Each structure stands twice: as structure tokens, then as C-alpha cells.
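Coordinates in review
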Amino acid sequence: MAAIGRRELMLGVGALALVGCDGANGVAGASAADMAIGAENAPATLIEYASSTCPHCAEFHERVWDQLKTNYIDTGKLRFIFREFPTPPVQVAVAGFQIARCGGATPEQYLARVGVLFDQQQAIFASGTMEGVRLKLVEIGQGAGLSEQQVMECISDQAGAERIRNTVEEGTRQFDITGTPTLILNGQKLTDPSAMTYEGLSRMIDQAIAG
């Protein structure tokens, strides 16, 4: 699980330019900052706190997401809420989330872009420089139909940085989120490591649905 300190987040969200060469409301309901898909009246709600730069989140996405969406979200059994909780390097995680939302993305578009960020996670850092990171993020944005100007404007959006800061502070207060990925099922934080597998998570969701 990737972890982050509050001070590091405060420093990271203020450094969104990526220029230079090295340089909650309800438990079960979505807040205005959330990206949520699935039936609003689903019998179970799963909240995922995740970071676009977290390798464990990328692994969870690769192993669990497709089956979870097909078998639970698309069938109306599960409401899924994604909450942004950036981990180091924080400025890159925040930039990724900004690109995922760029251009008024729908929740479905947003989650598809986050999936690309997870899939391209190693490639994003392959150059070892912030300029290389910036170029790769621009490339990912262009793959989603965004121009370079749009990508850079979205990365630099301070309102987005404030949104993420609020999400982190609320998650820390409400659920004691200290790392990613962290899952909340019907208001309860899942601490059993088997929740990180499809088999374990599906068993927990089935139990929640059964009441």
C-alpha cells in the first residue's frame, strides 16, 4: 500500500506546472468531487481511495477492475465511487487526476483515463525526468482527444488541486485513510488483505448485499 503524509500533499498540490527538465459528504453517497458509476439505488456501495502513481492501485486495477465492473457495477448490484488520494510523487499523481477530469469528462470517461494512467504508470516515469513525465502525460491526454494546451491548463488548475486537498483531508478524517488503495464497503473500511483480490472482494460484497 502506498502511503502519503499530509505535509507532502500540501507541497505537492502547489507544484502542478511540471515545467523544467527536472524539476465527502455521505458515506454511501457521492459528493460533488467524486466520480461515481453504477446504480444509485444499488444494495452495496464501494468507495476506492486511490492514486494514479500508486503501483498497488495499478495492480488492483489490473487484477480486479474488469470483473468487478462486469459482475457487480454493470448489473446494478454495486455503486462504485472513486476518490483521489495522491501518493508520491504527489505532483504527478495530481496532474494525472487533472488530466483524467479534463474537458468535463464523464465518470465513465474519467475512469477509463485513470485506467490508462495505471496501465502507463511505468512508462510515465521511464525517462527519469519531469520533462519526460510531462511529455508522457501530454501524450496520454492527446490519446483521450485533448490538445496539449488543454492538458497543461488542466494540470495547472488550482481549483482541482483544492478539490483533491479537500478529498484527502475528508478521507483522513472520516476513514483514517493513510495509504492506497483503501476500500470502503457500505461505510466500513476493509482491512482484510483478501479485499485486494477479486475473490475476496466479491465475497465481501455478496455478504454486504445479503445484509
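This text goes with the structure placed above it.
For the structure given in this document, a descriptive report is provided here. (Residues numbered from 1 in each chain as written. Predicted model: local features only at pLDDT ≥ 70, side-chain atom pairs only at ≥ 80, totals over all residues. Heavy atoms only, no water.)

Take the overall build of the protein next. Within the protein one finds nine helices and seven strands. With 211 residues in all, the protein has 51% of them scored as buried. Summed over its atoms, the accessible surface of the protein is roughly 9,500 Å², and 50% of this surface lies on carbon and sulfur atoms. (Helix = DSSP H or I, 4+ residues; strand = E, 2+ residues; numbered from the N terminus. Buried < 20%, exposed > 50% of the residue type's maximum accessible area, 1.4 Å probe, protein only. Areas by Shrake-Rupley, 256 points an atom, 1.4 Å probe, with all protein chains shown as cover.)

Turning our attention to helix α3 (residues 90–101). Under the 1.5 Å per step criterion, the end-to-end length of α3 is 17 Å for twelve residues, consistent within 8% with the ideal 16 Å. Across the twelve residues that make up α3, a large majority, eleven, are buried. Considered for burial, the residues of α3 that qualify are V90, V92, A93, V94, A95, G96, F97, Q98, I99, A100 and R101. Of the residues one or two after α3, G103 is the one with positive phi, at around 75 degrees. (Expected span 1.5 Å × (residues − 1).)

Another aspect to go through is the pairing of strand β6 (residues 182–185). Regular strands place their side chains on alternate faces of the sheet. Residues of β6 alternate between two faces, with T182 and I184 on one and L183 and L185 on the opposite face, all of them buried. The sheet contact formed by strand β3 (residues 44–50) and β6 spans four bridges and is antiparallel. Opposite L46, over in β6, you have L185 as the bridge partner. Relative to strand β7 (residues 188–189), β6 is paired through two bridges, and the arrangement is antiparallel. Of the residues in β7, the one forming a bridge with I184 is K189. Counting the residues that bridge the hairpin from β6 to β7 gives two residues, and of these N186 lies at a positive phi of roughly 50 degrees. (Pairing = 2+ DSSP bridges.)

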